[in-house]
Amino acid sequence: MAVGSQDLTSKELRGLEDERLVDELRKAKEELFNLRFQSATGQLDNHGRLRAVRKDIARIYTEMRERELGIGVKGDAK
């Protein structure tokens, strides 16, 4: 699953294990850092990618918080 793509939906995040979710979050944060660095140096071609990665990070944090509170439906992708 590529970070920032259409594949990273809330539905698919619900199906991931906790460890995989943390790994996806780490990869997304690393990509965001790299994109910000490219933006600062004027090398970034696709500025929309920043927005997509930030939204992916927000989706991952939301799923993690829902699991913590027990309000999400874990593993049920309807």
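Residues numbered from 1 in each chain as written. Predicted model: local features only at pLDDT ≥ 70, side-chain atom pairs only at ≥ 80, totals over all residues. Heavy atoms only, no water.

Labelled according to an unreviewed UniProt entry, the protein chain appears under the name Large ribosomal subunit protein uL29, originating from Ornithinibacter aureus.

## Details of the overall build of the protein chain
Looking only at helices and strands, the protein chain features three helices and zero strands. Element order for the protein chain, N to C, with α for helix and β for strand: α-α-α. Across the 78 residues of the protein chain, 24% fall into the buried class. In the protein chain, the share of contacts with a sequence separation of at least 24, taken over all contacts with a separation of at least 6, comes to 62%. Counting only carbon and sulfur atoms, one obtains 49% of the accessible surface of the protein chain, whose full area is about 5400 Å². (Helix = DSSP H or I, 4+ residues; strand = E, 2+ residues; numbered from the N terminus. Buried < 20%, exposed > 50% of the residue type's maximum accessible area, 1.4 Å probe, protein only. Contact = heavy atoms within 4.5 Å. Areas by Shrake-Rupley, 256 points an atom, 1.4 Å probe, with all protein chains shown as cover.)

## Digging into the pattern of salt bridges
Throughout the structure, instances matching the rule amount to nine salt bridges. Between Arg67 and Asp18 there is a salt bridge whose closest N-O contact spans 2.5 Å. With Arg67 in helix α3 (residues 48–69) and Asp18 in helix α2 (residues 18–40), this residue pair connects regions lying 49 residues apart in the sequence. Classification of Arg67 as buried rests on a relative accessible area of 18%. Look at Asp18 and you get partly exposed, because its relative accessible area is 36%. One salt bridge connects Arg26 with Asp23, and the closest N-O pair in it is separated by 3.0 Å. Remark: Asp23 and Arg26 occur in helix α2; sequence separation between them is three residues, near one turn of the helix. Residue classification places Arg26 among the partly exposed positions, given a relative accessible area of 44%. The structure contains a network of salt bridges with shared partners spanning Asp18, Glu63 and Arg67. (Salt bridge = Lys/Arg side-chain N within 4 Å of Asp/Glu carboxyl O.)

## Description of a positive patch on the surface
Among the surface-exposed residues, Arg36, Arg51, Arg54 and Lys55 lie close enough to one another that they form a single positively charged patch. With three residues, the single largest contributor to the positive patch is α3. By the element assignment, Arg36 lies in helix α2. (Patch = residues over 30% accessible without salt bridge, like charges linked within 9 Å, V, L, I, M, F, W, Y side chains within 5 Å. Lys, Arg positive; Asp, Glu negative; His and termini not counted. Charge placed at Lys NZ, Arg CZ, Asp CG, Glu CD.)

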